[in-house]
Amino acid sequence: MTPERETPNRERTLSGATATSRARARLDQPRAPRRRVLPEWDPEAFGRLSERIARFLGTGRFIVWMTVVIILWVLWNIFAPYHLRFDHYPFIFLTLMLSLQASYAAPLILLAQNRQDDRDRVNLEQDRKQNERSIADTEYLTREIAALRIGLGEVATRDWIRSELQDLMKELEARRQHDGHVVFPAERSDRPSVRDVDDR
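Remember, predicted model here, so these are calculated numbers, not experimental data.

(A) Just the packing of helix α1 (residues 43-57) against helix α3 (residues 92-153), in detail. One can describe the packing of α1 onto α3 by two numbers: an axis separation of 8 Å at closest approach and a directional angle of 115°. On the basis of the axis angle, α1 is roughly perpendicular to α3. When you trace α1 past α3, the crossing you get is left-handed. On α3, the residues that touch Glu44, Phe46, Gly47, Arg48, Ser50, Glu51, Ile53, Ala54 and Leu57 of α1 are Gln101, Ala105, Leu108, Ile109, Leu111, Ala112, Arg115, Gln116 and Arg119. Of the residues in the contact of α1 with α3, the class split is nine nonpolar, four polar and five charged.

(B) Structural detail: the packing of aromatic side chains. For the structure on display, the rule yields four aromatic pairs. The interplanar angle of 75° and the centroid separation of 5.0 Å between the aromatic rings of Trp73 and Phe86 together place this pair among those described as edge-to-face. Of this pair, Trp73 sits in helix α2 (residues 60-79) while Phe86 sits in the loop between α2 and α3; the two residues are 13 residues apart in sequence, bridging distant segments of the chain. Measuring from centroid to centroid gives 5.9 Å for Tyr89 and Phe91, while their planes differ by 65°, and the two rings are edge-to-face. Its relative accessible area of 67% is what places Tyr89 among the exposed residues. Among the residues examined, Phe91 registers a relative accessible area of 11% and is labelled buried. The rings of Trp73, Phe86 and Phe93 are connected pair by pair, giving a single aromatic cluster.

(C) Focus on the environment of Phe91. Within the secondary structure, Phe91 is located in the loop between α2 and α3. Separated by 17 residues in the primary sequence, Phe91 and Val74 place their C-alpha atoms 7.8 Å from one another. Residues contacting Phe91, with those up to four places away along its chain left out, are Val74, Asn77 and Ile78.

(D) Fine view of the side chain of Asn77. On the secondary structure map, Asn77 appears in helix α2. Taking the relative accessible area as the measure of exposure, Asn77 reaches 3% and is therefore buried. Here Trp73 takes part through its backbone oxygen, which lies 2.8 Å from a polar atom of the side chain of Asn77. Here Asp87 takes part through its backbone nitrogen, which lies 2.9 Å from a polar atom of the side chain of Asn77. Excluding residues within four positions of it along the chain, Asn77 makes contact with Arg85, Phe86, Asp87 and Phe91.

Analysis parameters
- Residues numbered from 1 in each chain as written.
- Predicted model: local features only at pLDDT ≥ 70, side-chain atom pairs only at ≥ 80, totals over all residues.
- Heavy atoms only, no water.
- Axes fitted to C-alpha atoms, helices over the stretch in contact; angles between N-to-C directions.
- Helix = DSSP H or I, 4+ residues; strand = E, 2+ residues; numbered from the N terminus.
- Parallel < 35°, antiparallel > 145°, perpendicular 65-115°, else oblique.
- Left-handed = near helix turned anticlockwise from the far one by under 90°.
- Contact = heavy atoms within 4.5 Å.
- Nonpolar A, V, L, I, M, F, W, Y, C, P; charged D, E, K, R; others polar.
- Phe/Tyr/Trp six-rings, centres within 6.5 Å; stacked < 30°, edge-to-face > 60°.
- Buried < 20%, exposed > 50% of the residue type's maximum accessible area, 1.4 Å probe, protein only.
- Polar contact = N/O pair within 3.5 Å; in protein donor to acceptor, adjacent residues only side chain to side chain.

See below:
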């Protein structure tokens, strides 16, 4: 009897090209969220806000309010007591504020235009698909109408039946005139009459 070998429970270690210094990520589980250094924001909400601001910048109300603010700014810095003035004559601070407003307004307007372009592209794609469906439906209806016309060409119409009956009447009239008398099936003597059928 040989003694049983004891196999220790050791984890198998990889060596060579398959060895890794860190634990392998499992593909059947989602990654743990990483901490981000930069703040996160909702791009859709930011886009809606930029569109709102861009719409306001393109209205007459914004121009009126901006004109009123600039006039009050200039009048205050000219006629107010000297120690209460915050922007003296060359109005450097006013220029800085207007430049800051313009530097923010331009990207917001461009962002709003990009979003509008994306919406227009989606609408054009939907219109193109709708037009393709309409063209396909029109072609189908055209084929159906053509098939109905072909089918109606083979159906006996009232005018055609009338012309056939007139031709038949003319033919019978011609036979009567030629033979003297044409015996119709209803006039044959060997056929029982309605009175005979009733007597039975």
